[in-house]
Amino acid sequence: MSKFAKNIITEMESRELISQLAGGDELRSHLADTSRTVYCGFDPTAESLHIGSLVPLLALKRFQMAGHRPIALVGGATGLIGDPSFKAVERQLNSADIVAQWVERLKPQLSQFLDFEAKSNPAILANNLDWTEQMNMLSFLRDIGKHFSINAMIQKESVKQRIDRDGEGISYTEFSYMILQSFDFAELNKRYGCTVQIGGSDQWGNITGGIDLTRRLHQQQVFGATLPLVTKSDGSKFGKTETGTIWISPKFTSPYAFYQFWLNTADTDVYKYLKYFSFIELDAIAEIQRSDQSSNTKPEAQAILAAAVTELVHGKTGLLAARRISEALFSGDISKLTLDDLQQLELDGLPCTAMTASAQGIVEILVLTELAKSNKMAREFITNNAVSVNGESVSSVEFQLSRANALHGRYFVLRRGKKQFHLLKLV
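The structure contained in this document is the topic of the report that follows. (Residues numbered from 1 in each chain as written. Predicted model: local features only at pLDDT ≥ 70, side-chain atom pairs only at ≥ 80, totals over all residues. Heavy atoms only, no water.)

Description of the overall build of the protein chain
- Tallying secondary structure elements over the protein chain gives 19 helices and 15 strands in all.
- A principal-axis box enclosing the C-alpha atoms of the protein chain has dimensions of 80 × 50 × 40 Å.
- Evaluated residue by residue, the protein chain yields a buried proportion of 48% over its 427 residues.
- Across the protein chain, the fraction of contacts at a sequence separation of at least 24, relative to all contacts at a separation of at least 6, is 73%.
- Element-wise, carbon and sulfur atoms account for 50% of the exposed surface of the protein chain, whose accessible area totals about 20,800 Å². (Helix = DSSP H or I, 4+ residues; strand = E, 2+ residues; numbered from the N terminus. Buried < 20%, exposed > 50% of the residue type's maximum accessible area, 1.4 Å probe, protein only. Contact = heavy atoms within 4.5 Å. Areas by Shrake-Rupley, 256 points an atom, 1.4 Å probe, with all protein chains shown as cover.)

So this is what it looks like as structure tokens:
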């Protein structure tokens, strides 16, 4: 039996990862026949990808695991324009220098998930600035623009919503994004024989535009598939927290905060997320769900999801650190925390306050960090044994914090009650 016989589309549909198919059964046959080249684009709109990018990125990885060749297209050109798809307002344009810097920072992140050294189907990294930068305006309008009907473009849902909405509408700059993305598909087909494009469901209009342009320019039949845009069951935006976006880069979201995000997934979302964001077999996910539903204890799915995704993004070292920090805070054994662990907590794990290295009294510190509203309340918390510093209960209102009793000579982990934490840093 051919290794392509188990169609990747069927596998992804079983994980609820397919929204729309351009090509239907023809696409299924196309992918089952032999190894194909599949691409997905990632525009550099920040210094790091965020977890909203994980669904398409992991989809590319699934295609590679099924024997197909993935192309990760970094939008050095389209990132200068901004995709208007289902955006309420015009994106702010970034300078060419900033976009170029972001392009370089995305490349190593993509290599975390795709194998660029595989023997039979190595991933390809492409940048659409390579084929647009030198193209002059007249050539673009004559050779590419003539294949697009304005009547058809304004009927695309992503454009239509912006035109119909009160306000500024859509600029010609963003309106042209569809043509640029369509040109990408045609160019990747010519350069690499790429025949399949995948993207979020908001990319349907851009993908079908590329299919049509490739047929017109190169007389080639190509296909597309869209993936669901991830949302939370409560209607809130996926990947957003009170402290901001959850990034893939540990520079912006620490492995600990990343792990905690998944650990706090709602029960109504967790089994869907296991299908989307992990490579755990579907039978095993179904068994996890059955076990959780029949158990009278806390569900296990969140811990399984958090471990799987954290290890996927941050490796075993990142997962071990995230677990170590979580267990230390929960158990009170703060002494286990390394300097790197404490720096993770400083980045985004706990509220953090800096203070000078001179000795400070615990009462004043509790008020400074807002763990107590007044000196009187702080004394009551201490008297009631509700305060600990670096895992040790504080029973005296005379307790002093100084560099001599700081963790690694720099940090204090303050705790009031069971769940109120604050990190104090000496400067």
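What about the layout of surface pockets?
- Roughly 1,600 Å³ of volume is contained in the largest pocket.
- Contributing to the lining of the largest pocket are 48 residues, with Tyr256, Gln260, Phe261, Leu263 and Asn264 lying nearest its centre.
- In terms of residue class, the lining of the largest pocket is made up of 19 nonpolar, 15 polar and 14 charged. (1 Å grid on protein atoms, 1.4 Å probe; cavity = no way out; pocket = protein on both sides within 12 Å on 5 of 7 lines; lining within 4 Å. Points joined across faces, edges and corners; volume = space filled by probe spheres on them. Nonpolar A, V, L, I, M, F, W, Y, C, P; charged D, E, K, R; others polar.)

Re the sheet that holds strand E15 (residues 420–426)
- Across the sheet, which stays open at both edges, the five strands sit in the order E9-E15-E14-E11-E12 with mixed pairing between neighbours. Each edge of the sheet is formed by a strand with only one pairing partner; in this case those strands are strand E9 (352–355) and strand E12 (392–393).
- Sheet topology note: the strand E14 (residues 411–416)/E15 ladder contains six bridges and is antiparallel. Across the sheet, phenylalanine 412 pairs through a bridge with leucine 424, a residue of E15. (Pairing = 2+ DSSP bridges.)

Some words on the pattern of salt bridges
- All chains considered together, the criterion is met by 16 salt bridges.
- Across the salt bridge formed by glutamate 187 and arginine 191, the nearest N and O atoms sit 2.8 Å from each other. Of the two residues, glutamate 187 and arginine 191 are both situated in helix H11 (residues 177–192); the distance of four residues between them amounts to about one turn of the helix.
- Residue arginine 191 is classed as partly exposed on the basis of its relative accessible area of 41%.
- Of the charged contacts, one joins aspartate 212 and arginine 215 as a salt bridge, the two residues approaching to 2.5 Å between their closest N and O atoms. Residue aspartate 212 and its partner arginine 215 are located together in helix H12 (residues 204–218), separated by three residues, close to a single helical turn.
- On the basis of relative accessibility, which here comes to 42%, the residue arginine 215 falls in the partly exposed class.
- When salt bridges that share partners are traced, they join Glu13, Asp25 and Arg28 into one network. (Salt bridge = Lys/Arg side-chain N within 4 Å of Asp/Glu carboxyl O.)

Points about a nonpolar patch on the surface
- Taken together, the side chains of Met137, Leu138, Leu141 and Tyr172 define a hydrophobic patch exposed on the protein surface, amounting to about 490 Å² of accessible area.
- Per element, the largest residue contribution to the nonpolar patch is three residues, and it comes from helix H7 (residues 137–144).
- Tracing the chain through its elements places leucine 138 in helix H7.
- The exposure class of leucine 138 is exposed, given its relative accessible area of 57%. (Patch = residues over 30% accessible without salt bridge, like charges linked within 9 Å, V, L, I, M, F, W, Y side chains within 5 Å.)

Some points on the packing of helix H3 (residues 54–65) against helix H14 (residues 267–277)
- It is the contact of H3 with H14, at a shortest axis distance of 9 Å, that shows an interaxial angle of 50 degrees. With respect to H14, the axis of H3 lies oblique. Where H3 abuts H14, its residues Leu54, Val55, Leu58 and Arg62 lie against Lys275, Tyr276 and Phe277. (Axes fitted to C-alpha atoms, helices over the stretch in contact; angles between N-to-C directions. Parallel < 35°, antiparallel > 145°, perpendicular 65-115°, else oblique.)

Examining helix H13 (residues 255–263)
- Buried residues dominate H13, accounting for eight of its nine residues.
- Pro255, Tyr256, Ala257, Phe258, Tyr259, Gln260, Phe261 and Trp262 are the residues of H13 that are buried.

Some details on the nonpolar core
- Ranked by internal contacts, the top residues of the largest apolar core, which has 58 residues, are Leu54, Ile198, Trp262 and Phe277.
- With eight residues, helix H16 (residues 301–331) is the largest single contributor of residues to this core.
- Those residues within four positions of tryptophan 262 in sequence are excluded, and the remaining contacts are Ile51, Leu54, Phe238, Tyr273, Phe277, Gln302, Leu305, Ala306 and Val309.
- Residues Ile71, Ile144, Leu180 and Phe183 belong to the second largest nonpolar core, which totals 28 residues. (Core = buried A, V, L, I, M, F, W, Y, C linked by side-chain atoms within 4.5 Å.)

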